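Summary of structural features
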Amino acid sequence: MIQTAAARRHAGLVTVAALVAAVLAALSALPLVRGTTSGLVTGVVLGMVPALVGAVFLAVHAVGELTWPRPTGTVRAASLSRRTVRDIAPRGLRVLVWSLTVAVAAAVVVGGLTAAPDGRSMSRATETTMSAVSPYPGWFYGVPLLIAAIVVLAGTEAVLRLVAQRAAVVGVDTSWDLALRRLSAHRILRAAQVPLALTLSGVLVLGSSAAARLDHPGVGVLAGVGALVSLGSVLVLCLPGRAPGDPEHAGRTASAQAADAPLHATAEVTR
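Conventions used here
Residues numbered from 1 in each chain as written. Predicted model: local features only at pLDDT ≥ 70, side-chain atom pairs only at ≥ 80, totals over all residues. Heavy atoms only, no water. Phe/Tyr/Trp six-rings, centres within 6.5 Å; stacked < 30°, edge-to-face > 60°. Lys NZ or Arg CZ within 6 Å of the ring centre and 35° of its normal. Core = buried A, V, L, I, M, F, W, Y, C linked by side-chain atoms within 4.5 Å. Buried < 20%, exposed > 50% of the residue type's maximum accessible area, 1.4 Å probe, protein only. Helix = DSSP H or I, 4+ residues; strand = E, 2+ residues; numbered from the N terminus. Contact = heavy atoms within 4.5 Å. pLDDT = per-residue confidence, 0-100. Expected span 1.5 Å × (residues − 1).

Brief notes about the packing of aromatic side chains
- Across all of its chains, the model carries one aromatic pair by this definition.
- Pairing F140 with Y141 gives two aromatic rings, centres 5.0 Å apart and planes at 90 degrees, and the pair type is edge-to-face.
- The ring centre of W68 lies 3.8 Å from the NZ or CZ of R166, which sits over that ring.

Next up, the structure:
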């Protein structure tokens, strides 16, 4: 049987390992990009750093789910209930991740449609002058960022599916096992929204900065929105998940239900 302590410990270690790997990836990514790239490519790769860090976090989590402890012992038990991502994923956080991805796509489309023909600058013509500023999140920068955001979204959904399909913790009430899955899903989603939020924030700030230099009115609001998106992602990252209760109590509940079943059956027959 999978012991509750082992399951809890494994889930915690996976999250810690994923966070450590993400931090190390973030610290090494910027110097590595600047040292190995040049020119326009540097800007593209730097913009993809948040998504790359998010991908590292999800990859470590995926390994942790694939190495989830299997039932052991002479007699093995398995739950017949099938879990889905909808069952285990906190609805609000999942909607947030999807919404941020859609927002990135919308921002990239707007940037692409308003960019100059080169896809990386913004221009404005007057009766006497023609001005252009760069960088601007047109198709040149936007398409790679959108692909990176979609990869983070797809990776998040894939890891959530692994959480839903992993081996059940036997010997406890099914609600305890479900609570542990939901805690894992909460940890995954609250971290996955950060690279998406930072990508969206970067697109908004970069676009508003270029537009402001061309004296487009009201674009400063976009920079403020980008800052709020980044701040909000940090606050969401700090949201604690709801840990499962006392596994011993959950186990006693399951045992009590099993012990009471014959009594209920006898009562029905007597009636």
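Notes on the nonpolar core
- Grouped together as the largest cluster of nonpolar side chains are 41 residues, with contacts concentrated most on L160 and L200.
- For this core, the elements supplying multiple residues, two or more each, are α1 (4–36), α2 (40–66), α3 (85–88), α4 (91–114), α5 (139–165), α6 (174–213) and α7 (220–237).
- In terms of residue count, the dominant contributor to this core is α6 (ten residues).
- Dropping the residues within four chain positions of it, L200 is found in contact with L100, A103, V104, A107 and V229.

Some words on the confidence of the model for the protein chain
- Residue-level pLDDT values for the protein chain average 84, and 83% of them are 70 or greater.
- Throughout residues 253–271 the model reports pLDDT below 50, and contacts reaching past four residues in sequence, or to other chains, amount to four contacts.

Focus on α4
- The terminal C-alpha atoms of α4 lie 34 Å apart, and with 24 residues this matches the ideal 34 Å at 1.5 Å per residue to within 8%.
- Those residues of α4 that fall on the buried side of the exposure criterion are L93, V97, L100, T101, V104, A107, V108, G111 and G112.

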